[in-house]
Amino acid sequence: MLKLFRRLLSDDALIMLILIVGAMLRFYRLPEIPFTHDEFSAILRTHFTTFHELIEKGVKVDGHPAGVQVFLYYWIKVFGVSEPALKTPFIVFGMLSIWLVYLVGKDWFNSTVGLVAAAFVAFLQFPVIYSQIARPYASGLCFALMMVFFWTKVIFHPQRKYYLNLAGYIVSGALCGYNHHFSMLFAVMVGVTGLFYCPREKISRYIAASLVVIVLYLPHLPILLFQMGIGGIEGWLGKPRYDFIFDYLQYIFHFSVYIYLLIIVLISLSLYWYKENPPANKKFILISLLWFLIPYIVGFIYSRYRSSVLQYSVLIFSFPFLLFVLFGFFKTTKFLHQAILVFLIGMIVIPSLIVERRHYTLFYKGAYREIVAESKHAVDSLGAGRCRVILDAKKEINPYYLEKLKCPSLAFSYFEDIRGKGQLSAYLDSCNTDFLAYGALSATNWENYAMMMAVFPYLIEHKSYCGGDFYLFSKIRPVKVSSEYYYSVTNTFEPSLPEWGWIDEKRCTDSLPVDGKKSYVNDRGIEFSPAYSRPLRYLSRSEYDMIDVSVDVRTPAVFPGAWLVLTVSSDGKDIKWSSAAVNEFVMPGHKGRVYISLRLSDTDLRHHRLIFHTFIWNPMKSAYIMDDFRVQVRSGNPVIYGLYRKVGL
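Note that the structure is a prediction, hence the values are computed from the model and not measured.

Reading the values: the criteria
- Residues numbered from 1 in each chain as written.
- Predicted model: local features only at pLDDT ≥ 70, side-chain atom pairs only at ≥ 80, totals over all residues.
- Heavy atoms only, no water.
- Pairing = 2+ DSSP bridges.
- Helix = DSSP H or I, 4+ residues; strand = E, 2+ residues; numbered from the N terminus.
- Axes fitted to C-alpha atoms, helices over the stretch in contact; angles between N-to-C directions.
- Expected span 1.5 Å × (residues − 1).
- Buried < 20%, exposed > 50% of the residue type's maximum accessible area, 1.4 Å probe, protein only.
- Contact = heavy atoms within 4.5 Å.
- Left-handed = near helix turned anticlockwise from the far one by under 90°.
- Nonpolar A, V, L, I, M, F, W, Y, C, P; charged D, E, K, R; others polar.
- Patch = residues over 30% accessible without salt bridge, like charges linked within 9 Å, V, L, I, M, F, W, Y side chains within 5 Å.
- Areas by Shrake-Rupley, 256 points an atom, 1.4 Å probe, with all protein chains shown as cover.
- Salt bridge = Lys/Arg side-chain N within 4 Å of Asp/Glu carboxyl O.
- Parallel < 35°, antiparallel > 145°, perpendicular 65-115°, else oblique.

Asker: Outline the sheet that holds strand β14 (residues 610–617), supporting the account with residue identities and numerical values.
Answerer: Taken in spatial order, the four strands of this open sheet run β9-β14-β11-β12, and their pairing is antiparallel. If you trace the sheet from one side to the other, it starts and ends with β9 (532–535) and β12 (573–581), each paired once. Taking the axes of each pair of neighbouring strands and ignoring which way they run, one obtains an average angle of 15° across the sheet.

Asker: How would you explain helix α18 (residues 335–356) if you had to name every residue and give the values?
Answerer: The terminal C-alpha atoms of α18 lie 30 Å apart, and with 22 residues this matches the ideal 32 Å at 1.5 Å per residue to within 8%. Of all the residues in α18, the buried ones are H337, Q338, L341, V342, I345, G346, V349, I350, S352 and L353. If you follow the buried residues of α18, they end up packed against α2 (11–27), α7 (111–123), α8 (125–131), α15 (257–272) and α19 (359–362). After α18 finishes, the residue R358 shows a positive phi value of roughly 50°.

Asker: Any details on the packing of helix α11 (residues 181–197) against helix α16 (residues 282–305)? Residues and values, ideally.
Answerer: The contact between α11 and α16 brings their axes to 11 Å, and the two run at 145°. Crossing hand, α11 versus α16: right-handed. Contact with α11, carried on its side by F182, L185, F186, M189, V190, T193 and Y197, involves K283, I287, L290, W291, I294, P295, V298 and G299 of α16 and no other residues of that element. Class assignment for the residues of the contact of α11 with α16 results in 12 nonpolar, two polar and one charged.

Asker: So what about the sheet that holds strand β3 (residues 435–441)? Which residues, and what values?
Answerer: Read across the sheet, five strands follow the order β2-β1-β3-β5-β4 without closing on themselves; strand pairing throughout is mixed. Strand pairing shows two members of the sheet lacking a second neighbour, β2 (413–414) and β4 (458–465), which therefore form its edges. Bridge count for β4 against strand β5 (residues 468–474) is seven bridges, and the pairing is antiparallel. Within β5, the position partnered with H462 by the bridge is Y471. With respect to the sheet, helix α23 (residues 421–430) is in contact with β1 (387–392), β2 and β3, its orientation differing from that of β1 by roughly 160°. On the sheet, helix α24 (residues 448–455) packs against β1, β3, β4 and β5 and is oriented at approximately 15° with respect to β5.

Asker: How would you sum up a nonpolar patch on the surface? Please name residues and give values.
Answerer: Taken together, the side chains of V188, V192, L195, F196, I207, L211, I214, V215, L218, L221, L225 and M228 make up a nonpolar region of the molecular surface, amounting to roughly 1100 Å² of accessible area. Among the secondary structure elements, those contributing two or more residues to the nonpolar patch are α11, α12 (203–217) and α13 (221–230). Among the secondary structure elements, F196 is positioned in helix α11.

Asker: Provide a residue-level description of the packing of helix α6 (residues 83–108) against helix α9 (residues 138–156), including the pertinent values.
Answerer: The geometry of α6 relative to α9 is characterised by a closest axis approach of 8 Å and an angle of 30° between their N-to-C directions. Relative to α9, the element α6 is oriented roughly parallel. In this structure, α6 meets α9 at a crossing whose hand is left-handed. Facing F90, F93, G94, L96, S97, L100, V101, L103, V104, D107 and W108 of α6, the residues of α9 in contact are A138, S139, L141, C142, F143, L145, M146, V148, F149, W151, T152 and K153. When its residues are assigned to classes, the contact of α6 with α9 shows 17 nonpolar, four polar and two charged.

Asker: Hey, could you go over the pattern of salt bridges for me, with residue numbers and the actual values?
Answerer: Taken as a whole and judged by the stated rule, the model has 26 salt bridges. Ionic pairing is found between E374 and K463, a salt bridge with its closest N-O pair at 3.1 Å. With a gap of 89 residues between them, E374 in helix α20 (residues 367–382) and K463 in strand β4 connect regions that are remote in the sequence. One network of salt bridges, with partners in common, ties together R241, D243, D247, D604 and R606.

Here's what the structure looks like:
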């Protein structure tokens, strides 16, 4: 009984408690955790009949090593495609990572450091969310920590089960290589570090074991070389800013003042509860610092000077070692102190996960599923004959949720089938329904909103999700009219408005007006139209707002082309430049309306004196007529990037 009581008052009980809570945070409502875009991409790349096809068409084209894709290929053959089936193995990897962080921290420093680091890995959103995604991040973190665990035994405790630990080092190192290129980088980093600390009498065996890891990786080398030839993911991932590391640190710790204060308190306690003997193990502090920084530095340099690869997810393999740097100076091993620390971390980090990061509302409502669910609800409540549905979704992904939500016969149009902005205007004009439901992913054409409002002028409902939006528009005026637009200005040129600067009123003519009594004539030889300019701080209330610009034009029968342009500049330098071709909306010899929109959350706003400009650029200097030049600002989606940025209100 006394022995049992002692175990209950030990670090063993605390790590079990951390593991139980970590499991609850990860397994909570498991069937409702949606697949992400990356998971769907991986699932779709398992539909092959042979292993050779899998490698050629499912692995090489992806940019990741073959390990996880091959695992999913065979796992799906046995268990099928469902959220619980595919996510459970990666949640298990996440749980093992918590335990391994504790073991490594305990071995390198003491049980208190292990418990503190394990608690953060168990409760922070960064490791939680990547444990719930069937991609090579939770697995890579687990393999990296396994390698460090066995590496520590081989290098610093060679007297204990040496060959068993050496085998573990080899296997886990190879798994790192087959899992992800950054986990492979981490494995290389660990292997090289061992050369500086391996006992001299064991160095030949250590080098031989490291060479075995390389030999085990050699079959994958042609795939690596092929993927390096393809390059990175610069099509959608921009080059990192020089302050990327600070954004990353804020993201890790929830952008939370409470967690920042918690870290300060913990570091202060580590000094207050400090003991002179044994001294702090500065060797492992240095190793941890290098292992945390080197992957970031390599990724940053490669991304800046070759092709973008650096994103938060690829740094997860080295993330625990930042915790060792921060909390490696704890020397106390008293149970009461350990219990206080674990309780304090849990009481601050878990509520931050739930309330500040809104993990279980934002992550659990995936845009792919929700836009189908809301469209189904709109059609069911309004009637299929009264509500047209447009989904700007992926054709290869959408059927999964049509089947899952039991609405395979839902009548809707894919936005990509409408083919073009001018065609969308014609499509909307042809709609004979009273309502329009529109589901859009984050990469949609944001001018669609203004185009739809021109035909369906009343917004009935707007629901925002991480990665997308759902809108319900109406032609019927509701009892209570609401609008997301809070700023609107239209230059009708009757007369011109001062926001467009000085305008030659002689060019405002009543012949062939596009709308109203007068229009503005851009004569042949003029390259730029009158421009609207205004400091951005006077236009927007929030970094999530949308700016919609439209202008009516009448073009001659022969019109080589012009572009409606919007820019955001800082001290004369363009930070954002975007354009819409007039001929995409208006055929030569006709009149019509041209649209373009700006989502501020896609713009780097960390500059001084930002100015918004919009104008028509006419490089061929052809003549045309313009009218009703309109600039409107509306409330946007405050959680569009909420999983990776600070959540808006």
